[in-house]
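Observations on the model geometry
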Amino acid sequence: MANVRNLKKDINYVLGDIIEAVYVWELTNASKDNKKSEAIIDEAIATFDELITKVNAKNVDNVKAHFKAINNELEAKGNALIEKINQLG
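Here the structure is a predicted model, which is why all the values come from computation and not from measurement.

**Section: the overall build of the chain**
In terms of regular secondary structure, the chain is built from three helices and zero strands. Traced from its N-terminal end to its C-terminal end, the chain shows the element sequence α-α-α. For the chain, the spread of C-alpha atoms along the three principal axes comes to 50 × 15 × 15 Å. Put simply, the chain has 89 residues, and 29% of those count as buried. Pairs at least 24 residues apart make up 66% of the contacts formed inside the chain by residues separated by at least 6 positions. Roughly 6100 Å² of accessible area belongs to the chain as shown, and the carbon and sulfur atoms make up 52% of that amount. The centroid of the 12 positive side-chain charges in the chain is displaced by 6 Å from the centroid of its 14 negative side-chain charges.

**Describing the environment of K8**
Counting through the fold element by element, K8 comes out in helix α1 (residues 2-28). Judged by relative accessible area, K8 falls into the partly exposed class, the value being 31%. Along the primary structure K8 and A65 are separated by 57 residues, whereas in three dimensions their C-alpha atoms are 16 Å apart. Look past the residues within four positions of K8 in its chain and what remains in contact with it is I52, V55 and N56. Side-chain polar atoms of K8 contact the side chain of N56, separated by 3.0 Å.

Basis of the calculations
- All residue numbers refer to position in the chain's written sequence, counted from 1.
- Whole-chain, interface and lining totals are the exception, using all residues; otherwise, since this is a predicted model, local features are given only for residues with pLDDT of at least 70 and side-chain atom pairs are given and counted only at 80 or more.
- As a rule here, side-chain values come from all non-hydrogen atoms in the structure, and water together with hydrogens is ignored.
- Secondary structure elements are taken from DSSP: a helix is a run of H or I of four residues or more, a strand is a run of E of two residues or more, and numbering for both begins at the N terminus.
- Relative accessibility thresholds used throughout: buried, under 20% of the residue-type maximum; exposed, over 50%; partly exposed, between the two (1.4 Å probe, protein chains only).
- Throughout, a contact is declared for two residues whenever any of their heavy atoms are within 4.5 Å.
- Each accessible area value is a Shrake-Rupley result obtained with a 1.4 Å probe; residue values ignore everything except the protein chains displayed when judging cover.
- Note on charges: Lys and Arg go in the positive column, Asp and Glu in the negative column, and His and the chain ends are not counted at all.
- Lysine's charge is taken at NZ, arginine's at CZ, aspartate's at CG and glutamate's at CD.
- The definition of a polar contact used here is a pair of N or O atoms within 3.5 Å, where within protein one atom must be able to donate a hydrogen and the other to accept one, and adjacent residues in sequence count solely through side-chain atom pairs.

And the structure:
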């Protein structure tokens, strides 16, 4: 089932890019406190674990709707994390 594989890749790439952006911010702002940026990384990892668990769920009535909901959740949480990165200053 290619959809599952692609959805897992999307989750990995999106959240991986967000974590990478936080690391870049930390390197360019070495004099600033990193507690907020570390919290963003922790939240991204928790989101990854949560979404992968949902993708791997076995008892799903409507598979297509289930994956679409996961994709929408990825987009919403990804945008929220990007907004937090932008607010780091």
